[in-house]
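Next come the chains, spelled out residue by residue.
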Protein chains: 4
Amino acid sequence: MAEKQAFFESELVKDFNNKIEKDHLGPLWSAIPELVSKEPKPLAVPYLWKWATLKEYLLEAKEIFTPERGGERRAIYLQNPGLKEREPWGWGAATQNLYAAVQLILPGEEAPSHRHTQSALRFIMDGEGAYSVINGERMFMNEGDFVVTPQGMWHGHGHEGTEPMFWMDVLDIPFVYATGGTFFEGHPDGLEKATHPDNYSSKQYQGGLVRPKADRQPKKAPVGAYTWAQTESALNGMMEYEPDAYDGYTVEFINPSTGKTANANIAAWMQRLPKGFHSQAHRHTNSSIYYVHEGRGYSVIDGVKFEWEKGDFFIIPSWCWHEHVNLEDGHSHLFSVHDTPIMENFSWQREEEADHKQAIKKTFQPYG
Amino acid sequence: MAEKQAFFESELVKDFNNKIEKDHLGPLWSAIPELVSKEPKPLAVPYLWKWATLKEYLLEAKEIFTPERGGERRAIYLQNPGLKEREPWGWGAATQNLYAAVQLILPGEEAPSHRHTQSALRFIMDGEGAYSVINGERMFMNEGDFVVTPQGMWHGHGHEGTEPMFWMDVLDIPFVYATGGTFFEGHPDGLEKATHPDNYSSKQYQGGLVRPKADRQPKKAPVGAYTWAQTESALNGMMEYEPDAYDGYTVEFINPSTGKTANANIAAWMQRLPKGFHSQAHRHTNSSIYYVHEGRGYSVIDGVKFEWEKGDFFIIPSWCWHEHVNLEDGHSHLFSVHDTPIMENFSWQREEEADHKQAIKKTFQPYG
Amino acid sequence: MAEKQAFFESELVKDFNNKIEKDHLGPLWSAIPELVSKEPKPLAVPYLWKWATLKEYLLEAKEIFTPERGGERRAIYLQNPGLKEREPWGWGAATQNLYAAVQLILPGEEAPSHRHTQSALRFIMDGEGAYSVINGERMFMNEGDFVVTPQGMWHGHGHEGTEPMFWMDVLDIPFVYATGGTFFEGHPDGLEKATHPDNYSSKQYQGGLVRPKADRQPKKAPVGAYTWAQTESALNGMMEYEPDAYDGYTVEFINPSTGKTANANIAAWMQRLPKGFHSQAHRHTNSSIYYVHEGRGYSVIDGVKFEWEKGDFFIIPSWCWHEHVNLEDGHSHLFSVHDTPIMENFSWQREEEADHKQAIKKTFQPYG
Amino acid sequence: MAEKQAFFESELVKDFNNKIEKDHLGPLWSAIPELVSKEPKPLAVPYLWKWATLKEYLLEAKEIFTPERGGERRAIYLQNPGLKEREPWGWGAATQNLYAAVQLILPGEEAPSHRHTQSALRFIMDGEGAYSVINGERMFMNEGDFVVTPQGMWHGHGHEGTEPMFWMDVLDIPFVYATGGTFFEGHPDGLEKATHPDNYSSKQYQGGLVRPKADRQPKKAPVGAYTWAQTESALNGMMEYEPDAYDGYTVEFINPSTGKTANANIAAWMQRLPKGFHSQAHRHTNSSIYYVHEGRGYSVIDGVKFEWEKGDFFIIPSWCWHEHVNLEDGHSHLFSVHDTPIMENFSWQREEEADHKQAIKKTFQPYG
Ligand SMILES: [Fe+2]
Ligand SMILES: [Fe+2]
Ligand SMILES: [Fe+2]
Ligand SMILES: [Fe+2]
Ligand SMILES: [Fe+2]
Ligand SMILES: [Fe+2]
Ligand SMILES: [Fe+2]
Ligand SMILES: [Fe+2]
C-alpha cells in the first residue's frame, strides 16, 4: 500500500500525468479514488445560519433592492461554505443539489411572473396577506403554509397585507446547473393576471384524501397552499402512537394526483419533535436543509452540536450521521427539504441506522 | 346488404356452421358482428332497487342467517336482470364487472376474517359502532364513511354498537370470475385480533394532503375510514365555483401513496348535486353503480326516467346516455362506483358528451 | 359442516333465496363459495383439435365463403366445449380470455382493412406470399413468422402467392367481451393502400437488440414480421445450456420500445423441446393455447394424455397441472399464447411447481 | 437596462454583496441571470482528440502502469477543457454528465472485479480475445462490439488474445459526482470467477426480438456483447429507406427487458453516414461524445469545423448547433453516447431544428 502510494507520488507518474494533461487528457489511475469514492464524501459541510443575521440583512436589503430598481426577487440564499468554490456563484448551493433562500416582500410590492426549468417550493415563515399567482390562480399564503411551483409553471408574487412578509424558497438550482437543461422566460404581462378564483385549488382539497373528479389524471399542478391548520391536524392525529426513532412525528407534502412528493424533485416534510424527544442517529445519501418553524433544541451532525431556535436554518449533508434533540417545553416543529426524489430516481438512496447516540466533540461556531 | 343477410341465413351456411360446431369449432363470419361490435352493447340493463325492499329482506334475513348457522356475511346483492343468465349465480353482477350488496351486521356479531383475490370497498349507509379489522387494525365506521380492503388483505368485521348497521359492499367479483385467478383463504383465528391501535391509519391522515413519512413507498394499504366529515369538507370547499356539467361537485377517494383510486380496480366518488341542478347528458365505457346517500331526484338513462330517493341503488351500464336531476330542496349526495380503472388499464376508456338533454320516453318500473 | 350443508339445502333457505331473486337480488351466503372460490376452477376444459379436421373444414369453406359473398375473414375458431354456453357464440372463447382461429386466404384474395379495440397476433402455419397491411405498411409473411396488430391499428390482408395460405389468429375477444369497451370500424378504402415501403419495420429490426433512433418513445407499433429465421437463431443460441425444466428452450416475442410482450395483452412464445425432453409438471393462473409448429409428442394435462403432432392445437386452462413430452427424433417446436399480461396487470399471476411427474389416467378423446 | 446594469455594478450593491458573503450568504438578485439562464450555456466546450495522440500515450502508459504496480485500470480519459477547473480532477468530465476514456489491456493481464454506483458501457475499438466478467459471466469482446455494466454489477476484465486491446469506456462519473451517492467496493476474489458459461447472455439473444422466457421481468442485466455483426445487419436493413435528416441511419442499443436504453443513464448509438451524406443542423439539451468507428469526415459545431477520421473522439456540448458530413468513399460509422436518459428523467429534453446549414467560421485546432 505504501509502495503503491510511493509509486503514485513518484516523478515518473507525476510527469506522465502532467504530460497528458496538456492534451486535455486525464489519468484514471490517479483520479479514480476521489472520483469513485468508497462512500459519499460530500464537499458540502454541515452549517447553521441564525435568523437574526438573515433578518437584519433582509431588512437592510429592503431599502436597496426594490422591484423597480432591479432584481426580480429580494432574496438572500444560503451558500454552503464547502461549495463556495464552484463557479459561478457557488451554484447557489446550500447542499449538493438544492438552493434555499429567504425572500422578503413588502406590502404592495409585486414580483413579476416568470417560468423556468427549475422547480420551486416555499414555506411561509412570517406574515400574512401575500399571494403567489401560479398558472393564473392567486394562492394566499400565511405563516406555516406550504406552496409548490413545479418545473415550467408561471409564477409571480404580490402582497396585499400590511406587514413585511418572509418566506423560504427552495429550488433545485444546483442540480439543474450541474446537469444541464436550464431555460428561463419572463411573463409578457409582468405579474400574471388571475384567471381562476382565489385559492381555487386549495379549497377543493380542504377535505383531505378526496380529490376533485377533474384531477384524476396525473399532473404537476399545485393544490395551492397546504395550510398549517391541515399540517398540524395530521401531526395531532399521530400523537397517540410512537414517534419515528429518527424523525419524531413526520409528515410529507404530497401531490394527490401522483402520490409522489408535492414537488417532483424535492421532498418536503414537517417534523414534530415532542417534549423531551432525543432521536437515534442515522445517515442517508440524501442531503437535507432544515428550517426551525417553532421551538428550540439542537442536532448532532457528525459529532458536532448545532444549537437551533425558531427561525434558524441548518444543513445536513449527504451521509453525515445526525440526531435531533428537542429542548422546548412543548413541541418543536422542523420544516425540512430533501433531494430524496433525485436519489430514488437513480436508485441511489441508501440509509444506515446507528445503534447508539453520538459523542459530542464540539459545538458549531460560524466560520470566520 | 340484404343479399349478404340472405346468404348468412341460407341453409348452406347454417348447415356448415352446425357441422363444424359438432367439432367444437365456430364460424367467425357469423359470429364477428356480435363478438366485435361497433360500439359497446352491454347485456347489463339500467335498473333501480328501492331501499324499502332491500331493508325488508335484510331484516327478514336477520333471523334466518346468523354467523353461527352459516354464510360468512349477511349480504344481499344486486343482480342485474340482463346478466342473470350467466352461470353460476349471475356472476353476482350488478354491472358487467362489479358486484354490489347491502350487508347487515347486528350488535355483538362477528364476521370472520378472510382474504381473497377480489378487491372490496364499503360505504356506510346507516348506524355506528361497527368496525372492520384490516391487516390487524380496527377501523371504526359510521354513516357516510368509506373504507377499502384491497386485493389480498385480511379483513373481518365486528360491531360494538347498539343498533343494526347497514353498509354497501362493492367488489370486482364478476371481473375476476370472467378473467380468472380467484383465490380465497379463511383466517386461522376467525376474526383477526387487532395488533395496531384502533383507527391508526385514518388518524394519521386526518390532516389532508400530507402523508406519514413511513408511507412514502407505494402500497395498497388502506388509510382506514375516509370520514364523512372530510368528504363533506371537500365538497364545501368546491361550492364557490362552477359544478361539473355532467356530475355536479364530485370528489374521488384516493390512495395517497400512489395517487390512484383508493381501490386499485374500482373508482369511488361522492357527488353533490346542488339545489336545482340538472346535468348535461353524456356516456362512457365505464359502468356505474349509484347509491343515494342523501336527497331525492331522478336520472335519465337512455331516455328512461329513474326516480330515486335516499337509500336507493341504480345502475348505469356501459355507453348508456345519462343525466342527473336534483329535486331536493338542498343538496343531494350520490355515492357511486365505477370500473374506470379497469377500462383505463387497457386504454378502453372513452367518453362522449351530448349537446342537449334527453327526451324522456318512459319512467322505470321494476321488472315483474 | 354437514349441518351447514343441510341448512343451506333447507326449504327455509331455498324459499328465501327464491323470493329475493324475484326482485333481482341475490343471496351472498349461497353464492359465495362458487363466485369466490378457493382456487381457480375454470369452466374452460383442456381440449385438442386435429389439423386434419380443421384443414378439411377450411378447404370446404373456401368454396362457400368468399370475400365477395360476405364475412370479412374466412376463419374457423376453436370453441372451448366448457365455454360453449356463454351467450352469444360462446364468446369465441378458446380459453377464458383468448380467441384462436385458423384463417385461410387464397391467392389474389383481399380481406378488407378495419380496426377494433381487440388486439391481435398471427402465426403463419403454411404458405408464403401473403401480407398484412398494418398502419399503411405491407408486411409479407411466410411459414413460421409471427405478426402483431395491437389494439386500434388498421389492418387488412392480401395474398400475392400462388398457393392457399393458412395462419393462426389470436385475439383477446372473450376478455374484451366480458369486460366491455368494444369498438369496431371498417376502413373507408377496403384494403388500405400501402404508404410505406414493404417490410419497412421488420428490415429495420433485423439486427437484433438495436432499435432505430425514431422508435425511442414507447409505442405499440409492430416491428412487422418476426421471421422464423430469427426465432430459430435465438433457439440455436440457447442449445449449449440447460433447458427450462417446465418449458424447454423458450423465447418470447417482444415489443422493443417497451420491453413488454409484442402484443400488450397476449404473450406469445416459441418453445423448442429437444430430443427426449420430458418436462416437469407445473400449473399457473394464466391459460394457454398451443399450436404444434413442428414435431410430435404429448402433453399431460390434469392426468390426461393429449397426443399431438404438427398442425394440432390444444388448450391448457388456468391452474391445470401440465407437462410436455417430445417424441420426435429431433426437436419439436410449439408456438403458444398466454393471457399472462392480463394476469400480471392485476397481480393475479401465480405459479406452482410439482416435484413429480403426473400419473396418466387416460388418453384424450374428442367429445362426441 | 443600462440603468439596471449600472445599479448592479454600483459600490452600494457590491458592498452589500460582499458583506453578506462573509456570512456565507448569497445575493439572488446578482446571481440569478447566470444560475437560471435563459437557455443552456454549458461550460463544456466542443473538442476533438486525435487517436494518434491517445494511442501514443497509452502505449507509453503500458510500460509504466501495470496491474501489479497500481491503478485498477490502464485508462486515459478525455478531459473537457471547459470543465477542467472543477475540483477534483475536473470531475473526469468529457461532457457535463459523462466520462469517456480509452482503456488498454495486454494479453494475459487481469483488471480486478469491483462494483460501484456509476454505470458503465464499453465500445471495442481494436483487437480481440479480451472479456469482461459481469455478474459471473465471461463476455468475450471483439472490435465493434458493445457491452454494458449497469450500476451495482460486479465487473472485471481479462485478455486471452495475443495483441494489445483498446476499448472506449463511458461512465456517468461527473453526474454521480455532482449529485451524490457514490459507493465503490472491490471484489474479494480479485477477478471474479465465471459461474455461467461464456457468452451465455449474448448467445441467447442472437435471434433478435425474441427474449428468453426467464428474462420476462424487468432487469438491468446485460445481454452480453452486442456484436458488430448484429449492429451492421440492422443498419443494412435500413438502407433502402431515407436516412434521418440529422443523424443518418441510426440504431440505439436497448435493454430487451425494459425497452429502454441498454444502460439506464446513458444512451448509446451507432450511426451510419452514407456516402455523400451532409446532415441538417439541429441542437438539443443532451450532450454527446462521438467516437469515429470507421470512415472520415467532419462535423460543424457552432460554426467550427471539426475534422475527424477513424479512431478520433469529439464532443458536442448541450444546446450547440451541429451537423455531420461524410467524406469517405463509402459509409462512415460513428459510435456515440448521450445523457438523454437523464434529461428525459426530468423532462429536460428539448430539441431545435435549423432550416439551413451553418456557415463555417473556422476549423478546430487543439488548445495549446
Ligand atoms: Fe422563479
Ligand atoms: Fe435524517
Ligand atoms: Fe371479503
Ligand atoms: Fe357519468
Ligand atoms: Fe381484425
Ligand atoms: Fe406452463
Ligand atoms: Fe468499474
Ligand atoms: Fe444531434
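Residues numbered from 1 in each chain as written. Chains lettered and ligands numbered in written order. Predicted model: local features only at pLDDT ≥ 70, side-chain atom pairs only at ≥ 80, totals over all residues. Heavy atoms only, no water.

- As annotated in an unreviewed UniProt entry, chain A carries the name Cupin domain-containing protein and comes from Thalassorhabdus alkalitolerans.

1. Focus: the relation of the copies chain D and chain A
No. 1: Overlay of chain D on chain A (RMSD 0.0 Å): rotation 180 degrees, translation along the axis 0.0 Å. Read as a symmetry element, the transformation amounts to a two-fold axis. It is Ala178 of chain D whose C-alpha, among those of chain D, lies nearest the rotation axis, at 3.2 Å.
No. 2: Residue by residue, 100% of the interface of chain D is reproduced at the interface of chain A, so both copies engage with the same surface. (Least-squares fit on C-alpha atoms with pLDDT ≥ 70 in both. Contact = heavy atoms within 4.5 Å.)

2. Quick look at the UniProt feature "domain: Cupin type-2" (unreviewed entry) in chain A
All names here are of chain A.
No. 1: Under the UniProt annotation, "domain: Cupin type-2" (unreviewed entry) lies at residues 103–170 and 270–337.
No. 2: Between the end C-alpha atoms of residues 103–170 there is a gap of 10 Å, over a span that is 0% helix and 66% strand.
No. 3: Structurally, residues 270–337 is divided into 0% helix and 60% strand, and its ends, taken at the C-alpha atoms, are 9 Å apart. (UniProt positions renumbered as here; feature names shortened; annotations may be inferred. Helix = DSSP H or I, 4+ residues; strand = E, 2+ residues; numbered from the N terminus.)

3. Digging into the interface of chain D and chain A
No. 1: Contacts between chain D and chain A engage 85 residues on the former and 86 residues on the latter.
No. 2: Roughly 8,200 Å² of surface becomes buried between chain D and chain A when both sides are summed, with 67% attributable to carbon and sulfur atoms.
No. 3: Linking chain D to chain A there are two salt bridges.
No. 4: One salt bridge in this structure joins Lys19 of chain A and Glu60 of chain D, with 2.5 Å as the shortest N-O distance.
No. 5: Inspection of the chain D/chain A interface yields 34 residue pairs in polar contact (both at pLDDT 80 or more).
No. 6: Looking at the side of chain D that touches chain A, the element that brings in the most residues is helix α2 (residues 11–22) of chain D, giving seven residues. (Buried area = accessible area lost by both parts, 1.4 Å probe. Salt bridge = Lys/Arg side-chain N within 4 Å of Asp/Glu carboxyl O. Polar contact = N/O pair within 3.5 Å; in protein donor to acceptor, adjacent residues only side chain to side chain.)

4. Focus: the coordination of the iron ion (ligand 3)
Any two of four tetrahedral donors ideally make an angle of 109.5 degrees at the metal, while pairs among six octahedral donors ideally make 90 or 180 degrees.
All names here are of chain B.
No. 1: The iron ion (ligand 3) binds to the protein through His114 (NE2), His116 (NE2) and His155 (NE2); the donor distances cover 2.2 Å.
No. 2: Look at where the donors of the iron ion (ligand 3) fall in the sequence and you get H-x1-H-x38-H. With a gap of 39 residues between them, His116 in strand β5 (residues 110–116) and His155 in strand β10 (residues 155–159) connect regions that are remote in the sequence.
No. 3: In this structure His116 comes out as buried when scored by relative accessible area, which is 7%. (Donors = N, O, S within 2.8 Å, 3.2 Å for Na, K, Ca; no water. Buried < 20%, exposed > 50% of the residue type's maximum accessible area, 1.4 Å probe, protein only.)

5. Description of the sheet that holds strand β7 (residues 128–134) of chain A
Residue and element names in this part refer to chain A.
No. 1: Taken together, the five strands give an open sheet; going across it, the order is β8-β7-β10-β5-β12, and neighbouring strands pair in antiparallel fashion. Of all strands in the sheet, those with a lone pairing partner are β8 (137–142) and β12 (184–186), marking the two edges. Along the sheet, successive strands turn relative to each other by an average axial angle of 25 degrees, direction set aside.
No. 2: Examined bridge by bridge, β7 and β8 share six bridges and lie antiparallel to one another. Bridge pairing links Ala130 to Met141 in β8. (Pairing = 2+ DSSP bridges. Axes fitted to C-alpha atoms, helices over the stretch in contact; angles between N-to-C directions.)

6. Digging into the relation of the copies chain C and chain B
No. 1: After a rotation of 180 degrees and a shift along the axis of 0.0 Å, chain C superposes on chain B with an RMSD of 0.0 Å.
No. 2: Interface overlap between copies: 100% of the residues of chain C at the interface are likewise at the interface in chain B, consistent with a symmetric, same-surface contact.

7. Some words on the coordination of the iron ion (ligand 4)
All names here are of chain B.
No. 1: Listed as protein donors to the iron ion (ligand 4) are His282 (NE2), His284 (NE2) and His322 (NE2); their distances from the metal cover 2.2 to 2.3 Å.
No. 2: Here the donor residues for the iron ion (ligand 4) map to a single chain with the spacing H-x1-H-x37-H. Of this pair, His282 sits in strand β17 (residues 282–284) while His322 sits in strand β22 (residues 322–326); the two residues are 40 residues apart in sequence, bridging distant segments of the chain.

8. Some points on helix α4 (residues 51–64) of chain C
All names here are of chain C.
No. 1: In this model α4 runs 20 Å from its N-terminal to its C-terminal C-alpha over 14 residues, within 8% of the 20 Å that 1.5 Å per residue would give.
No. 2: Buried within α4 are the following residues: Trp51, Leu54, Tyr57, Leu58, Ala61 and Ile64. Relative to the axis of α4, the buried residues are bounded by an arc of 140 degrees and lie together on one face. For α4, the exposed residues lying more than 90 degrees away from the buried face are Ala52, Glu56 and Glu63. (Expected span 1.5 Å × (residues − 1). Arc of directions from axis to C-beta.)

9. Things to note about the side chain of Asp169 of chain C
All names here are of chain C.
No. 1: In this structure, Asp169 sits in strand β11 (residues 165–171).
No. 2: Among the polar contacts listed, one links the side chain of Asp169 to the side chain of Gln103, at a separation of 2.5 Å.
No. 3: Polar contacts involving the side chain of Asp169 include one to the side chain of Arg122, which spans 2.5 Å.
No. 4: In this view, Asp169 contacts Ala75, Tyr99, Ala100, Ala101, Gln103, Leu121 and Arg122; residues no more than four positions away in its chain are not counted.

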